[in-house]
Each structure stands twice: as structure tokens, then as C-alpha cells.
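Examining the three-dimensional arrangement
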Amino acid sequence: MTGDGLRGSPGPDRPVLVLDSGIGGLTVLREARVLMPERRFVYVVDDAAFPYGNWEETALRGRLVELFGDLIAGHDPLACVIACNTASTLALDALRAAYPQMTFVGTVPAIKPAAERTRSGLVSVLATPGTVKRQYTRDLVEQWATKCEVTLVASVNLAALAETYMRQGLVEEAAVRAEIAPCFVEKDDGRRTDIVVLACTHYPFLVNRMRKMAPWPVDWLDPAEAIARRALSILPKASPDTPMTRHDDTALFTSGGADAVTRRLMQGFGLSA
Ligand code: DGL
């Protein structure tokens, strides 16, 4: 997996590394860039392994530990943001154990805020099959949402639909409707799901389509800003004198390269690829 594409140029201007299997982490990166305009970001797309949601757990954990070994050696980041629920719920502990000097910020299903906000007590968590399977996710429900009824909904296709939508601007609305349908639960007493947790960073890109296809209005919970704020809170404070020159933020692809459409998409998010 060690390839020249994953190598950087360690130096005083240490970057913040943001990783996902695809475009999903851009939802977190765009918030992070707003909150930390003085920071340099390297966005890592593990596209050679997309979709993470279908991987077997031991193999994906091993891949992530190895990949971060290369990335940390190559880029000497200040911190690593895992902008992916599927990876964080699986490998955060292993990564922290393997690289104890590194600060990792994870992205895990926003079950606690959903449980605090719901009025009906019916919360759904929309995620990849991997995230739904995880013990980590089950533990979050146990820990924070015992007073709610939580429906975990595994979506096989939504992450790929979001990839296509962001590249081509098109998405089949019937496919989105079918993927989100199990999130909508109605009880005999009239209570209905009122919050859907977007527990995959790809999904916020489709949220307008989801709103349109939803059988009734719900609150769609996107944790991107909270993740970016968490990263801001644990990074060393930038001095107010830090010059505000825009850094050259870059995107790297584990597949070795991106096609023209993907490069253009990355440029739209301020990344050279
Ligand atoms: N963006 C990733 C997440 O937050 C998942 C996409 C995939 O299955 O690769 O879970």
C-alpha cells in the first residue's frame, strides 16, 4: 500500500489529515476549512477500498492500521480526522493503540444528540452495513438511547449513489426512497420517527433528495460540523498573528489517481488533486 502518492513533505507546516473511502469526508472537510482557515489539509480518499461498508471487519481494520502507518510516516500530520463512520466504529481503538503519539478524531453515529432531541422517542440511524453491524454502534445505543426506540437501517447503495450524484449531478429518486424507507416507523399510538441520524458521511450530499422522498418531515442529523469543532478543540490554538494565506490543500487517492471529473470535484472543495 506504500505508494509515492501517499508520501508528503513533512515540515513545519504540519497538515491535518482527513480520510474517507470516497467523497463523504468532504462534508467534514468543508466545515473544518471554515473553522480552521489557517490550517493545511490533506484529504485522503481510500478509493481503492470503496465501499468500506461491505468489508469484513478484520481485513478492513488491518488495512486502516497499515494505511495510517504510511500516511503518518509520509505526512507527519498534526492530527488525523477519520471522516468516516464505518472506519471509526471499527478501527479507532486499534489506530490509537498502534500510533499512540498521534491524535485521532473519529466520526461515530450521532446517537446521543438524537436521543436528547427526539420528541416521539423514535430515532432511526441510517448507515452502511458495516456501521450497523458494529458492536461500537450497539454500545452507543445501550449507553445513550435506552429511553428511545432506535431503528438501525443498513443501506447497501446510498454511499455509491452519493458518489454518482456528486460526479454526475443525477440520482435516481426511487432508489433513494427505497433506501430510506425503513427509517420511517409509525406506531399504533400515532408516534412516528422524528429524527434520522446520517451515520455515513456520504449521506448529507443526498439530504435534499431524502427530504423530498421522505413520507413525512424529520430532522436529518448531520454530524459534520460537530466533528470539525471537535478537531478544532483539540488542535493547538493557532496564533492570531498566523498569516491567512490560503494553503495548497491536496487530495490523495489510494488507487493512484483520479479521473478528470473527480479532480474537478476536488477542486470545487478547494483541493488540488
Ligand atoms: N463515508 C463512509 C462512512 O461514513 C462510508 C462509505 C463506504 O461504505 O465506503 O461510513
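Further up the page is the structure itself.
Everything numeric in this text was worked out from a predicted model, so none of it was measured.

**Observations concerning the overall build of the chain**
On a plain count of helices and strands, the chain comes out with eleven helices and nine strands. Relative to the 2.2 N^0.38 estimate, which gives 19 Å for 273 residues, the radius of gyration of the chain is 19 Å and therefore close to what a compact globule would have. For the chain, the spread of C-alpha atoms along the three principal axes comes to 60 × 40 × 40 Å. Looking at the chain as a whole, 51% of its 273 residues are labelled buried. Put simply, of all contacts in the chain between residues at least 6 apart along the chain, 78% involve residues at least 24 apart. As presented, the chain carries roughly 12,300 Å² of accessible surface, and 50% of it is formed by carbon and sulfur atoms.

**A closer look at the sheet that holds strand β6 (residues 149–154)**
Judged by pairing direction, the sheet is parallel, and its four strands sit side by side in the order β6-β5-β7-β8 without closing on themselves. Edge strands, defined here as strands with exactly one partner in the open sheet, are β6 and β8 (219–221). Each strand of the sheet is rotated relative to its neighbour by a mean of 20°, with strand direction disregarded. One ladder, built from three bridges, connects strand β7 (residues 195–198) with β8; its direction is parallel. Counted as the bridge partner of V197 is L221 from β8.

**Some details on the state of the cysteines**
Across all of its chains, the model carries zero disulfides by this definition. Left unpaired, C80 is separated from the closest cysteine sulfur, that of C84, by 14 Å. Free of any disulfide, C183 has its nearest cysteine sulfur in C200, 12 Å distant. We classify C183 as buried; its relative accessible area is 0%.

**Description of the nonpolar core**
Ranked by internal contacts, the top residues of the largest apolar core, which has 52 residues, are L26, L126, I180, M210, W220 and M266. Sequence-distant contacts of M266, that is, excluding residues within four places in its chain, are made with I23, L26, Y43, V45, A251, F253, L271 and A273.

**With respect to the pairing of strand β3 (residues 79–82)**
Every second residue of β3 is oriented toward a common face, with A79 and V81 on one face and C80 and I82 on the other, all of them buried. Sheet topology places strand β1 (residues 16–20) next to β3; four bridges connect them, and they run parallel. Pairing of V18 across the sheet is with V81, part of β3. Across two bridges, β3 lies against strand β4 (residues 104–105) in parallel orientation. The residue bridging V81 from the neighbouring strand is V105, located in β4. Chirality of the crossover, the property in question, places the unit of β3, helix α3 (residues 85–98) and β4 among those that are right-handed.

What counts and what doesn't
Residues numbered from 1 in each chain as written. Predicted model: local features only at pLDDT ≥ 70, side-chain atom pairs only at ≥ 80, totals over all residues. Heavy atoms only, no water. Helix = DSSP H or I, 4+ residues; strand = E, 2+ residues; numbered from the N terminus. Rg over C-alpha atoms; globule rule 2.2 N^0.38 Å. Buried < 20%, exposed > 50% of the residue type's maximum accessible area, 1.4 Å probe, protein only. Contact = heavy atoms within 4.5 Å. Areas by Shrake-Rupley, 256 points an atom, 1.4 Å probe, with all protein chains shown as cover. Pairing = 2+ DSSP bridges. Axes fitted to C-alpha atoms, helices over the stretch in contact; angles between N-to-C directions. Disulfide = S-S within 2.5 Å. Core = buried A, V, L, I, M, F, W, Y, C linked by side-chain atoms within 4.5 Å. Right-handed = clockwise from strand over helix to strand, strands pointing away.

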